[in-house]
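Per-entry structural report
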Amino acid sequence: MIEIKDLNVDYFGSSALENVNLEIPFGHTVGIIGPNGAGKSTLIKALLEVIKKRTGSVRVEGRDISEYKRKIAYVPQKNDIDLTFPITVKDTVLTGTYPNLRIFQRPGKKERERAEECMAMVDISDLANKQISNLSGGQLQRVFIARALAQGANVFFLDEPFVGIDMVSEKIIVNLLKHLREEGKTILVVHHDLHEVEEYFDKIIILNKKLIAFGDVKDTFTTGNIRAAYGASLGNVIIKGAGGAEYD
Amino acid sequence: MINVMSDLFNIPVYALNAGLSAIILGIVSGALGSFIVLRKMSLMGDALSHAVLPGVALSYILGINILLGASLFGLLAAILIQFITSRSTIKSDTSIGIILSSFFALGIVLITFAKSGLDLTHILFGNILAVPQSELTQSFIIMLVVIAIIVLLYKELLISSFDPVVAKAYGLKTGFYHYLLMMLLSVVTVSSLSQVGIVLVIAMLVIPAATSYLWTHTLIHMIVLASAVGAVSGIVGVYLSFGFNLPTSATIVLVGVSLFAVSFILSPKNNFLRKGLKQG
């Protein structure tokens, strides 16, 4: 379980997240949704201590998250990563094994094999020796997912993994996330829109600086909650039973 | 050993020292410069190399080891730049400008106190004809130490340069590696004082690394090629400056930048010939 207590985060002087309290049970695929600027990415970054919290504590399985970080794989937004860095696909995936290596220790045969397996899982083995700047958006996202897999983590944080990718890549990633869930992994995904919410996730966090709602998709993904989060910015939203959101 | 080599190749000792020290500087600054370039810290590198000046002056006045004084001021400058940026809305290039110039000014003032002992021109522009044996040995040791640190901490330096956010997320102390590189930078600046001087050391850090970047697809290749480009610039620069009686540090830099210009045009990665002119 991930326990978030009294989380307050400032961003350039103004408040980005206010009083977030959450208990996320393990073993689910959890979508984080909300309008632009709602603090979705900020939530993930604050949990991982990439940005500073003003107040609050985050505990995983009863311990402070800093003791658990090596077991959490983080896939940031694609444009957060320097794509001009001189590094090949296979070396990028290999960096996923770094959290499990000691200082001074270099990745060995075991780590290289692990990286190859992970590349195969997202079907990028043929790109192994390409430089990452030469890839399409979808291929790139698969590289970063493979890197996260190589870490052998229990918990995955993904920031907008479906933005700017092709349908083949989306399908591969969605199937992989399902597979991970079946293995009992916990997956948190920042999601950019209201489509596919019901298909991808079994729980959702609805956020707009404050926590609007958290729970099973079928109970939480409601017109009322979405209106509360998006306000007037979306016009009239009606969540239909099976079809997801529709807007006019 | 230098004397044996001097006899063997029939080159005067001072020329051999100059050549060797230029090669050593080329190797170490190419390797370290690769990280400076990839971490987008070229301006920061320039600031630190200037900021060691008061450290050099104080070490001389107080009679302490110059490496100690210089690293201290280099680190202090790095910390102050970070401090100004994080405690205000002033952008980092501005805080770099403030610290660079003020440390440099302080250094100039301190050097006048040291009076006759220190020659400002030599510190600023180098004086490769007067590289003493002890300094050559010191540069060689610094090179070995820098290479050893890069080899041992290669994985950490790679990930904190390539993807500092993910590195931080899994618990790597990225701040430590930042200041480690800043300290190495200060030390290398000191070891390069005799060869190129404070003003042009940034050229040795940035130009070979940028040249190498245009040809390589992995970090390790970039580091090795940058060191080679640095060494070649160094030795060719020294040779030309002796032959044509030119200022050595400036000649080394101009050789380096010629290699960069050729790479800029010919490198397949940059692809200038096919697309460059159209973009302009």
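Rules and cut-offs
- Residues numbered from 1 in each chain as written.
- Chains lettered and ligands numbered in written order.
- Predicted model: local features only at pLDDT ≥ 70, side-chain atom pairs only at ≥ 80, totals over all residues.
- Heavy atoms only, no water.
- UniProt positions renumbered as here; feature names shortened; annotations may be inferred.
- 1 Å grid on protein atoms, 1.4 Å probe; cavity = no way out; pocket = protein on both sides within 12 Å on 5 of 7 lines; lining within 4 Å.
- Points joined across faces, edges and corners; volume = space filled by probe spheres on them.
- Helix = DSSP H or I, 4+ residues; strand = E, 2+ residues; numbered from the N terminus.
- Nonpolar A, V, L, I, M, F, W, Y, C, P; charged D, E, K, R; others polar.

Identification of chain B as Iron chelate uptake ABC transporter family permease subunit from Paenibacillus phytohabitans is taken from an unreviewed UniProt entry. Heading Sequence similarities (unreviewed entry) of the UniProt record for chain B holds this comment: "Belongs to the ABC-3 integral membrane protein family."

Going by what an unreviewed UniProt entry lists, chain A is known as ATP-binding cassette domain-containing protein and is assigned to Paenibacillus phytohabitans. The UniProt entry for chain A carries the following comment under Sequence similarities (unreviewed entry): "Belongs to the ABC transporter superfamily."

**What about the layout of surface pockets?**
To find leftover empty space, a probe the size of one water molecule is rolled over the atoms. Residues and elements named next belong to chain B. Empty space within the second largest pocket amounts to approximately 400 Å³. If you go around the second largest pocket, you meet 18 residues; those closest to its centre are I66, L118, I123, E135 and S194. Broken down by secondary-structure element, the contributors of at least two residues to the lining of the second largest pocket are α4 (53-62), α7 (120-125) and α8 (133-152). Looking at which element gives the most residues to the lining of the second largest pocket, the answer is α4, with three residues. Considered class by class, the residues forming the lining of the second largest pocket number ten nonpolar, six polar and two charged.

**Let's talk about empty space enclosed by the protein**
All names here are of chain A. The tally for this structure, following the rule as stated, stands at two cavities of 30 Å³ or more. Space inside the largest cavity adds up to approximately 80 Å³. Those elements that provide at least two residues to the lining of the largest cavity are β6 (72-75) and α4 (137-150). Class assignment for the residues of the lining of the largest cavity results in eight nonpolar, three polar and one charged. Of the voids in this model, the second largest cavity is the one considered here, and its volume is about 30 Å³. As for the second largest cavity, its lining consists of V75, I145, A148, F156, L158, L176, L177 and L180. Counting residues per element, the ones that place at least two in the lining of the second largest cavity are α4, β7 (155-159) and α5 (167-182). Looking at the lining of the second largest cavity element by element, the count peaks at three residues for α5.

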